[in-house]
Amino acid sequence: MTAITSEQPTRRDVLFLATGALAAVGTASVVWPFVAQLNPDASTIAAGFPLEVDLAPVVEGQVVKVFWRGQPIFISHRTPKEIASAQTADWQSMRDPQPDSARVKPGKEQWLVVSAICTHLGCVPTEHQGNYDGWFCQCHGSQYDSSGRIRLGPAPANLPLVPYRFASDTQIVIGEM
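Treat the numbers as computed from the prediction; the structure is a model and nothing was measured.

Considerations on the nonpolar core
Grouped together as the largest cluster of nonpolar side chains are 15 residues, with contacts concentrated most on Val53, Leu55, Ile73, Ile75, Val113, Ile172 and Ile174. Among the elements that line this core, the one with the most residues is strand S2 (residues 63-68), at three residues. The contact partners of Ile75, leaving out residues within four places of it in the chain, are Val53, Leu55, Gln62, Val63, Val64, Val66, Trp111, Leu112, Val113, Ile172 and Ile174. Val63, Val114, Trp135 and Leu159 belong to the second-largest nonpolar core, a separate cluster that totals 14 residues.

The structure is reproduced here in structure tokens:
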């Protein structure tokens, strides 16, 4: 018997390559849906993305509530009286001492952006209520001033700040610094 060797591809070589290519494509088409289902769905992806908010329709003294990452956020357009009250308050004697200037962006003191979740039991306080014309949690009586700082009640801390930046004079982006 003699072995036949040649430099030219034979029909067997072509069939071997075609079968291997078909097997690779078939395996990829079967594996792809399993890998794709591991990705988060569109609503989960959208919940983590930055949120753009137009401030133009928000009038002075109004508080709007938006949702970012499933969490309510207060955006307060503070009046000059609310700003003055927040800036002159004795913040060093407060339970969670923080000056108003640390809670707002420089030059944009009229805008306060905070989490709308009470730091005591996770309730959502109501705006322009209580002794300090800020927020009042009706569940347990915590009162926050116009800067979102805890003034009365069992809440242990101020309303948390939310990461945001000004994209323009009338638009903020929540979730970006």
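Looking at empty space enclosed by the protein
Counting across every chain of the model gives one cavity of 30 Å³ or more. What the largest cavity holds in volume is close to 40 Å³. Along the walls of the largest cavity sit Val63, Ser76, Arg78, Glu82, His128, Asp133, Gly134, Trp135 and Ser146, which together make up its complete lining. Of the residues contributing to the lining of the largest cavity, the split by class is two nonpolar, four polar and three charged.

Things to note about unusual backbone geometry
For Arg69, which is not a glycine, the phi torsion comes out positive at approximately 55 degrees. With respect to the helices, strands and loops of the structure, Arg69 is situated in the loop between S2 and strand S3 (71-77). A positive phi angle, near 50 degrees, is found at Asp133, a position not held by glycine. Looking at where Asp133 falls in the secondary structure, it is placed in the loop between strand S5 (126-129) and strand S6 (134-136). Look at Asp133 and you get partly exposed, because its relative accessible area is 35%.

Overview of the side chain of Asn158
Note on placement: Asn158 falls in the loop between strand S8 (150-152) and strand S9 (164-168). For Asn158, a relative accessible area of 4% translates into the label buried. A polar atom in the side chain of Asn158 sits 3.0 Å from the backbone oxygen of Asp96. Side-chain polar atoms of Asn158 contact the backbone nitrogen of Ile150, separated by 2.9 Å. Excluding anything up to four places from it in sequence, Asn158 contacts Asp96, Gln98, Arg103, Thr119, Tyr144, Gly148, Arg149 and Ile150.

A closer look at the packing of aromatic side chains
Counted according to the given criterion, the structure contains two aromatic pairs. For the pair Phe74 and Trp135, a centre-to-centre distance of 5.4 Å together with 20 degrees between the ring planes defines the contact as stacked. Separated by 61 residues along the polypeptide, Phe74 in strand S3 and Trp135 in strand S6 bring together distant segments of the chain. Here Phe74 matches Trp135 in class, with each residue buried. Both rings, one in Tyr164 and one in Phe166, keep their centres 5.9 Å apart while their planes meet at 70 degrees; by these two values the pair is edge-to-face. Positioned above the aromatic ring of Tyr164 is the side chain of Lys105, whose terminal nitrogen or guanidinium carbon lies 4.7 Å from the ring centre. One Lys or Arg, Lys108, reaches over the ring of Phe166 and ends 5.0 Å from the middle of that ring.

Re the sheet that holds strand S1 (residues 51-54)
Taken in spatial order, the three strands of this open sheet run S1-S10-S9, and their pairing is antiparallel. Each edge of the sheet is formed by a strand with only one pairing partner; in this case those strands are S1 and S9. In this sheet, adjacent strand axes meet at a mean angle of 30 degrees when their direction is disregarded. Judged from the four bridges that link them, S9 and strand S10 (residues 171-174) form a sheet pairing that is antiparallel.

Conventions adopted
Residues numbered from 1 in each chain as written. Predicted model: local features only at pLDDT ≥ 70, side-chain atom pairs only at ≥ 80, totals over all residues. Heavy atoms only, no water. Core = buried A, V, L, I, M, F, W, Y, C linked by side-chain atoms within 4.5 Å. Buried < 20%, exposed > 50% of the residue type's maximum accessible area, 1.4 Å probe, protein only. Helix = DSSP H or I, 4+ residues; strand = E, 2+ residues; numbered from the N terminus. Contact = heavy atoms within 4.5 Å. 1 Å grid on protein atoms, 1.4 Å probe; cavity = no way out; pocket = protein on both sides within 12 Å on 5 of 7 lines; lining within 4 Å. Points joined across faces, edges and corners; volume = space filled by probe spheres on them. Nonpolar A, V, L, I, M, F, W, Y, C, P; charged D, E, K, R; others polar. Polar contact = N/O pair within 3.5 Å; in protein donor to acceptor, adjacent residues only side chain to side chain. Phe/Tyr/Trp six-rings, centres within 6.5 Å; stacked < 30°, edge-to-face > 60°. Lys NZ or Arg CZ within 6 Å of the ring centre and 35° of its normal. Pairing = 2+ DSSP bridges. Axes fitted to C-alpha atoms, helices over the stretch in contact; angles between N-to-C directions.

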